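# Understanding the architecture of this molecule
The lines below spell out each chain.
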Amino acid sequence: MKEAYLYEKLDNNKVQCNLCSFRCKLGEDKYGICSVRKNIKGTLYTLVYPKTVAKATDPIEKKPLFHFLPGSKSYSIATVGCNFQCLYCQNWQISQYPKENKMQIVGEDYPPESVVEDAIVSGCKSIAYTYTEPTIFFEYAIDTAKIAKQKGLKNIFVSNGYMTKEAIDMMDGLIDAANIDLKSFSDAYYLQICGGARLKPVLEAIEYMKKKGIWVEITTLVIPEVNDDPAELMQIAEFIASIDKSIPWHISRFYPAYKFDNVMPTSVELIKNIRQIGLSMGLKYVYTGNIPGDEGEHTYCPKCNEIVIGRYGYEIIEYKIKDGRCAYCGEKIDLVES
């Protein structure tokens, strides 16, 4: 255990967590909505420090980040727990583990120094805090990120975007890139499908991260008859364009999982159509996800429309960018190469 960051002590040994936008107020011996933060005698503790439940060396494209250190490897870690309870979660066995197992915490003791050392040995250029929601193991992620920066590594959050402004302020200078799930543009969707969350804090977090200079890419998992309304998806594209038309938007195909195991996979045609919606709204880079071999996996030059990064799945098969510019016409390509 470790005393939590970003909380305040209240009267009668209560505490308020200010890490995510639920801002849980907890009496003694109570857990946050994430199930991994607990008020013990008037002090808030994180229960997952430094307990890793998953670690792997991944292509950075798997995060997915297509414009941040393309072609590199990222060392990925996670703990149990999540502040959302998405009904379709593909990693529910670890994200919902405490809730499903009477608040039990599991994981390998894996201190930040060891994470960074293993990332370097693995030839990774970054560390990704991913698989579950990194906000709920914030202390572990931030402490690791500090050491990683000293060793020349970048740091990445793969997140639902429900962190507070205070948390993003602490990320400033430590977290270099983030892929944020913008799951829907419907408040009702967040309330009903994601366990009582709201839309507005996610939108605010995306805007604030971008303002802070964090490289942002956005993912929307499209679920048939749940969040596949073209009008709503157009709203997402409009929102992204209102911040920066160069923000990459990943539109991912849904496959049955968790409590949505009886829902049909998203049609390939629908994903392709949504990509066209994004492009028609002026977004420069719109990608199809979970359709290996699709033309929507490639990065196209916004000016001449030539393929500047060709991909198959998570593998780069063609790279036509030189000094940050299209090798064909010289147009600037929005990305971070080092």
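Quick note: structure is the one above.
Residues numbered from 1 in each chain as written. Predicted model: local features only at pLDDT ≥ 70, side-chain atom pairs only at ≥ 80, totals over all residues. Heavy atoms only, no water.

Okay, the pattern of salt bridges next. For the structure on display, the rule yields 17 salt bridges. Note that Asp58 is salt-bridged to Lys63, the shortest N-O span being 3.0 Å. Residue classification places Lys63 among the buried positions, given a relative accessible area of 6%. Here Lys212 makes a salt bridge to Asp169, at a shortest N to O gap of 3.2 Å. (Salt bridge = Lys/Arg side-chain N within 4 Å of Asp/Glu carboxyl O. Buried < 20%, exposed > 50% of the residue type's maximum accessible area, 1.4 Å probe, protein only.)

Our focus in this paragraph is the side chain of His67. Here His67 is to be found in the loop between strand E8 (54-59) and strand E9 (73-78). In this structure His67 comes out as buried when scored by relative accessible area, which is 1%. Engagement of the side chain of His67 in a polar contact is seen with the side chain of Tyr287, the distance being 2.5 Å. A polar side-chain atom of His67 sits 2.6 Å from the main-chain carbonyl oxygen of Asp334. Excluding its chain neighbours within four sequence positions, the residues that come into contact with His67 are Trp215, Glu217, Pro248, Tyr285, Tyr287, Thr299, Asp334, Leu335 and Val336. (Helix = DSSP H or I, 4+ residues; strand = E, 2+ residues; numbered from the N terminus. Polar contact = N/O pair within 3.5 Å; in protein donor to acceptor, adjacent residues only side chain to side chain. Contact = heavy atoms within 4.5 Å.)

Our next topic: the sheet that holds strand E6 (residues 43-46). Reading across from one edge, E1-E6-E5 is the order of the three strands in this open sheet, with antiparallel pairing throughout. Where the open sheet ends on each side, the last strands, each with one partner, are strand E1 (2-3) and strand E5 (37-40). Strand direction decides the pairing type here: E5 and E6, joined by four bridges, are antiparallel. Counterpart to Asn39 in the pairing with E6 is Leu44. (Pairing = 2+ DSSP bridges.)

We now examine the packing of aromatic side chains. Counting across every chain of the model gives 12 aromatic pairs. Ring geometry for Phe66 against Tyr287: centres 4.7 Å apart, planes inclined by 70 degrees, an arrangement best described as edge-to-face. In this pair, Phe66 is assigned in the loop between E8 and E9 and Tyr287 in strand E16 (residues 286-289), connecting sequence segments 221 residues apart. In this structure, Phe66 and Tyr287 share a single accessibility class: buried. Taken together through their ring pairs, the aromatic side chains of Phe22, Phe84, Tyr162, Tyr189 and Tyr190 make up a single cluster. Over the ring of Tyr49 we find Lys2; its NZ or CZ atom is 5.1 Å from the centre of that ring. (Phe/Tyr/Trp six-rings, centres within 6.5 Å; stacked < 30°, edge-to-face > 60°. Lys NZ or Arg CZ within 6 Å of the ring centre and 35° of its normal.)

Counting 87 residues, the largest nonpolar core has Tyr88, Met171, Leu182 and Trp249 as the members making the most contacts within it. For Leu182, the contacting residues outside a window of four places in its chain are Tyr190, Leu199, Val202, Leu203, Ile206, Ile218, Thr219, Thr220, Ile236 and Phe239. Grouped together as the second largest cluster of nonpolar side chains are 10 residues, Phe66, Cys301, Ile309 and Cys326 included. (Core = buried A, V, L, I, M, F, W, Y, C linked by side-chain atoms within 4.5 Å.)

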